[in-house]
Protein chains: 2
Amino acid sequence: MTLSRSVLREQIKEVIIQRILDGTYAPGDRVVELALVQELGVSQAPVREALRDLEAMRFIESEPYRGARVRQVTHKELTETYPVRAALEELAGHMAAPGVDNNVLRMLESEIQNMLEAARRKDQHGLLVHDARFHELIVEQAGNSVLLDSWSGLRIEAYTLVSVVKSNLDLVAIANTHLPILDALRQRDGDLAGKVMRAHIEHFGNTLFGGDPDA
Amino acid sequence: MTLSRSVLREQIKEVIIQRILDGTYAPGDRVVELALVQELGVSQAPVREALRDLEAMRFIESEPYRGARVRQVTHKELTETYPVRAALEELAGHMAAPGVDNNVLRMLESEIQNMLEAARRKDQHGLLVHDARFHELIVEQAGNSVLLDSWSGLRIEAYTLVSVVKSNLDLVAIANTHLPILDALRQRDGDLAGKVMRAHIEHFGNTLFGGDPDA
DNA sequence: GGCCAACTGATTATCGATAATCGAGTATGC
DNA sequence: GCATACTCGATTATCGATAATCAGTTGGCC
């Protein structure tokens, strides 16, 4: 494997994120600096800096002289995420609805279509990607960059949700739960959009309860 | 200046944060790696890693080959923070109230007292510190670490508020606006506490409008 | 046999030096 | 006179090597 573009640190970061998301590095796995150094043919400094960044992004955690490992998302942390997401997305819906761009409405519609297709293929990961993008679009549309940053900070854990829920949910039904949100936005009704989004998130939060102790 | 304890990176980070908070490094100032290297008698690597961390913490921002500078908090960003704080603290109040610890109630009361004393001394910074601690206590009491993290992510900007509002507000009145929150918590009424906290934050958000373009 | 200390291999943390890049000022050609 | 190319000083990005630390293991001692 070779890297070319400048600012190695960024490229190294992308490689590691890629591997965490596609499962090459499983949660709990160690990420050894010198191993990456050898494999990528770079020196240790940019690898270390990439790891610092990833730690801040909560992809990994590390202790002095003990190295880094892929972050283990606990069940507790995952369920704790939902109330916060609910609060932030209620705000996002509330702010986004009044001035929502027709273009964005079309994009949201298309994301729902993509979710449905993924659902029919039983493609859980595909569903998750479009689901995440759907919500991200709304948060962006709210036009508040602090809100977007806060929300993005949660995404990581939410993303790993794949591994937790790993089955037994009706994917098509999940895709369809996004329709009321789109409707509320179409009406440009901020209060309604906020409420619907909150309910949407809380619904999934609740669906997760009763799972296994942690993981 | 000399450093002793291990993990230089952490110590360097503290030095820089210290200087940003006490004004030695003003917003917009460059933070030059080699200057710190010389001054602290360390090598460049730990300095760079510290800067990566600080960038993630939003204390500074940097561009490749262009260096790092102390983050300039714009008026826009500051006002954008308030709706997010309002949403998060409403949630915090809602979650904290039902099971609030008597001990915590006493601590909150004492923070209000401290705010009043600071207000009477016209000590704006002192007021801010106890104000922040008051809110932090409640967010902690909510018992949701994801919420606490999200909220902490906003703190930095909020802190810099001192320099923006820099005067013309009745400090004693500010201190007293915390009393209704304490009351709601004493009643263990989650809905009420949430509402009161939201109103409290929004009130300050609104007070900031009409300020200068940016800063 | 059990326990503590010194050793060992693996890994991270730091160093000092070199390469790459930027911005400004200067020279050059028209 | 003006735009473009070039050079230089300052600074960041990367490198290769060394020092510090940790976890497991071995050896001696009771």
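Here goes a summary of the coordinates provided. (Residues numbered from 1 in each chain as written. Chains lettered and ligands numbered in written order. Predicted model: local features only at pLDDT ≥ 70, side-chain atom pairs only at ≥ 80, totals over all residues. Heavy atoms only, no water.)

1. Some points on the sheet that holds strand β3 (residues 67-70) of chain B
The strands that make up a sheet are held in pairs by hydrogen bonds between backbone atoms, and each pair lies either parallel or antiparallel.
Then, in step 1: Spatially, β1-β3-β2 (chain B) is the arrangement adopted by the three strands of the open sheet, whose pairing is antiparallel. In this open sheet, the two edge strands, each paired with only one partner strand, are β1 (30-31) and β2 (60-63) of chain B. (Pairing = 2+ DSSP bridges. Helix = DSSP H or I, 4+ residues; strand = E, 2+ residues; numbered from the N terminus.)

2. Observations regarding the packing of helix α5 (residues 102-120) of chain B against helix α6 (residues 124-141) of chain B
Residue and element names in this part refer to chain B.
Then, in step 1: Contact geometry of α5 with α6 gives a least axis separation of 8 Å together with a crossing angle of 165°. Classed by the angle they form, the pair α5 and α6 counts as roughly antiparallel. Considering the relative orientation of α5 and α6, their crossing is left-handed. Between α5 and α6, the contacting residues are Val104, Met107, Leu108, Glu111, Ile112, Asn114, Met115 and Ala118 on the first element and Gly126, Leu127, His130, Asp131, Arg133, Phe134, Leu137, Ile138 and Gln141 on the second. (Axes fitted to C-alpha atoms, helices over the stretch in contact; angles between N-to-C directions. Parallel < 35°, antiparallel > 145°, perpendicular 65-115°, else oblique. Left-handed = near helix turned anticlockwise from the far one by under 90°. Contact = heavy atoms within 4.5 Å.)

3. Quick notes on the protein's contact with DNA strand D
Then, in step 1: With respect to spatial proximity, 20 residues lie near DNA strand D, and among them Leu8, Ser43 and Arg66 of chain A together with Arg48 and Tyr65 of chain B are the closest.
Then, in step 2: Those atoms of DNA strand D that come within 4 Å of the protein belong to sugar or phosphate at a rate of 81%.
Then, in step 3: Measuring from a phosphate oxygen of DNA strand D, one finds a backbone N or O atom of Leu8 of chain A at 2.4 Å.
Then, in step 4: Take Arg30 of chain B: an N or O atom from its side chain is 3.2 Å from a sugar or linking oxygen of DNA strand D.
Then, in step 5: Secondary structure elements with two or more residues in the surface near DNA strand D: α1 (8-21) and α3 (44-56) of chain A together with β1, α2 (33-40) and α3 (44-56) of chain B.
Then, in step 6: Examining the composition of the surface near DNA strand D, we find that three residues originate from one element, α3 of chain A, more than from any other. (Near = heavy atom within 4 Å. Polar contact = N/O pair within 3.5 Å; in protein donor to acceptor, adjacent residues only side chain to side chain.)

4. Describing the protein's contact with DNA strand C
Then, in step 1: In the vicinity of DNA strand C, 20 residues are found, and the nearest of them are Arg48 and Tyr65 of chain A together with Leu8, Ser43 and Arg66 of chain B.
Then, in step 2: Counting only the atoms of DNA strand C within 4 Å of the protein, the fraction contributed by sugar and phosphate is 81%.
Then, in step 3: Here a phosphate oxygen of DNA strand C sits 2.4 Å away from a polar atom, N or O, in the main chain of Leu8 of chain B.
Then, in step 4: Contacts to DNA strand C include Arg66 of chain B, whose side-chain N or O atom sits 2.8 Å from a phosphate oxygen.
Then, in step 5: Counted by class, the surface near DNA strand C contains eleven nonpolar, four polar and five charged residues. (Nonpolar A, V, L, I, M, F, W, Y, C, P; charged D, E, K, R; others polar.)

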